[in-house]
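Here's the letter readout for the chains.
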Amino acid sequence: MSVDDRQDDGTGHRSSPTGPRVAPPRERPSPFAAPPRAPPSPPPPQANVASPPRTFRFSLWSIIIFVLLLSSVAIQAYRDLSKPGAWDFWRETYIAASMNSAVIPDVDIDGSGRGRRALAISGKIGSASASWFRDRLSEARLAPGDAVLLSSQGGALNQAAIMGDVIRSHGLVTAVATADASGKLRPSACASACVLVYAGGQTRYGIAGSRLGVHRFTTSTPVSDPLAEAQRVQGMVLGYMTKMGVASGIVEAMSQTSDIRWLSPKEALALNLITKPVDRP
């Protein structure tokens, strides 16, 4: 048998009929050969993939309900703003107030040398001025005996009466004047509904040169019985002024003319509208 007739027994060894089994030579790896590849890693477990969000589709009924709700809100808002004075109230509350204010830290009203804190307000008394005034008082932090300085041509009668009640409930004094930052007073004017605000003072100072003006109150709102409305307003003003300690003759002075009637200091003092005159501004 020739050498080439050697057989492999399956273990890598070859047997020869004439000799022992001979192992085949071990091959040395070449330094230039590429390193063996690592076995492939198993695929990572797949995470739960969130399903795409559902797209909300408006049904015909949902659109109809939405339109009906929106229409009801719009109709109610229109009705509210259609009421007399409603738009003015909304505008003054949310856009721009009709009055201005300033806090004066130290004002000597009567020349006694006793300074006091004051809130100076000016401008037209509007449909939301009472609420505005309460907020300004809270910010000013006035104590009983402190002052409210007035400079106004008048405005809403009911708002003025509320402002006067607030002044009285806080124990504040009033004066018709303006003041600069140093507390120096200057004469001013207070007419029509402003006089009701002034009447709310626990003490009502009459500043020399300042003026108080009254007139007959009328309503701009259409009413079925103007005479009955005029009597109602007159009764309200009389009751308010009496409560504030002003003589009932003030209503007679108001009813004499629809134009502004400027009261002399002597008249205002006789009616107890001014309770403490001051000779200097």
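Please read these numbers as outputs of a predicted model, since none were measured by experiment. (Residues numbered from 1 in each chain as written. Predicted model: local features only at pLDDT ≥ 70, side-chain atom pairs only at ≥ 80, totals over all residues. Heavy atoms only, no water.)

Points about the overall build of the protein
Cut-off, in case you're wondering: Counting from the N terminus, the helices are the DSSP runs of H or I reaching at least four residues and the strands are the DSSP runs of E reaching at least two. Relative accessibility thresholds used throughout: buried, under 20% of the residue-type maximum; exposed, over 50%; partly exposed, between the two (1.4 Å probe, protein chains only). Residue contacts are defined here by distance: any two heavy atoms, one from each residue, within 4.5 Å place the two residues in contact. Only the protein chains shown count as cover for residues, and all accessible areas are computed by the Shrake-Rupley method using a 1.4 Å probe.
Counting its regular elements, the protein contains eight helices and 13 strands. Residues classed as buried in the protein amount to 32% of the 281 residues present. Within the protein, contacts between residues at least 6 apart in sequence are counted, and of these 70% link residues at least 24 apart. About 18,300 Å² of surface is accessible on the protein, with carbon and sulfur atoms providing 57% of the total.

Description of the pattern of salt bridges
To keep things clear, this is the line we draw: Any Lys or Arg side-chain nitrogen located within 4 Å of an Asp or Glu carboxyl oxygen qualifies as a salt bridge.
Enumeration according to the criterion identifies six salt bridges in this entry. Two residues, Glu139 and Arg136, come together in a salt bridge whose shortest N-O distance is 3.0 Å. Here Glu139 pairs with Arg136, and both are found in helix α3 (residues 129-140), just three residues apart, close to one helical turn. We classify Glu139 as exposed; its relative accessible area is 54%. For Arg136, a relative accessible area of 17% corresponds to the buried category.

Considerations on the state of the cysteines
For clarity, the threshold we go by: A pair of cysteine sulfur atoms is labelled a disulfide when the two atoms are within 2.5 Å.
Within this structure, the stated rule accounts for one disulfide. In this model Cys190 forms its disulfide with Cys194; the gap between the sulfur atoms is 2.1 Å. Between Cys190 and Cys194, the S-S dihedral sits near -115 degrees, and the bridge is therefore left-handed. With relative accessibility at 0%, the residue Cys190 sits in the buried group.

Re unusual backbone geometry
A positive phi angle, close to 60 degrees, is found at Ser192, a residue other than glycine. Although it is not a glycine, Asn272 adopts a positive phi angle of roughly 60 degrees.

Observations regarding the layout of surface pockets
In plain terms, the rule: A cavity, in this analysis, means grid points on a 1 Å lattice covering only the protein atoms where a 1.4 Å probe fits yet has no way out; a pocket is instead an open set bounded by protein on both sides within 12 Å along at least five of seven lines, and a residue lines either one if it has an atom within 4 Å of a point. Grid points are joined across faces, edges and corners, and a volume is the space filled by probe spheres set on the points. Only Asp, Glu, Lys and Arg are considered charged, only Ala, Val, Leu, Ile, Met, Phe, Trp, Tyr, Cys and Pro nonpolar, and every remaining residue, Gly among them, polar.
Here the second largest pocket defines a volume of roughly 210 Å³. Forming the walls of the second largest pocket are 18 residues, and the residues nearest its centre are Gly206, Ile207, Ser210, Pro265 and Ile274. Mapped onto the lining of the second largest pocket, the elements with two or more residues apiece are β10 (204-207), β11 (211-214), α8 (265-270) and β13 (276-278). When grouped by side-chain class, the residues that make up the lining of the second largest pocket number twelve nonpolar, four polar and two charged.

What to know about the confidence of the model for the protein
The line we're drawing: Scored from 0 to 100, pLDDT records how confident the predictor is in each individual residue.
Averaged over the protein, the pLDDT score is 82; the fraction of residues at 70 or greater is 69%. Within the model, pLDDT remains below 50 along residues 1-7, and this stretch shows six contacts once partners closer than five positions in the same chain are excluded.

Digging into the pairing of β10
Stated precisely, the cut-off is as follows: The pairing criterion for strands is at least two bridges between them, as found by DSSP.
Neither face of β10 is exposed, since Arg204 and Gly206 on one face and Tyr205 and Ile207 on the opposite face are all buried. Across two bridges, the pairing between strand β7 (residues 173-179) and β10 is parallel. Paired with Thr174 across the bridge in β10 is Arg204. Pairing geometry for β10 and β13, over three bridges, is parallel. By the bridge assignment, Ile207 is partnered in β13 with Val278.

A short note on helix α4 (residues 157-169)
Put simply, the test is: Expected span of a helix, by definition, is 1.5 Å for each gap between consecutive residues, and there is one gap fewer than residues.
Helix length check: α4 (13 residues) gives 19 Å between terminal C-alpha atoms against 18 Å at 1.5 Å per residue, within 8%. When α4 is considered as a whole, its buried residues turn out to be Leu157, Gln159, Ala160, Ala161, Met163, Gly164, Val166 and Ile167. Taken from the residues just after α4, Gly171 is the one with a positive phi, measuring 70 degrees.

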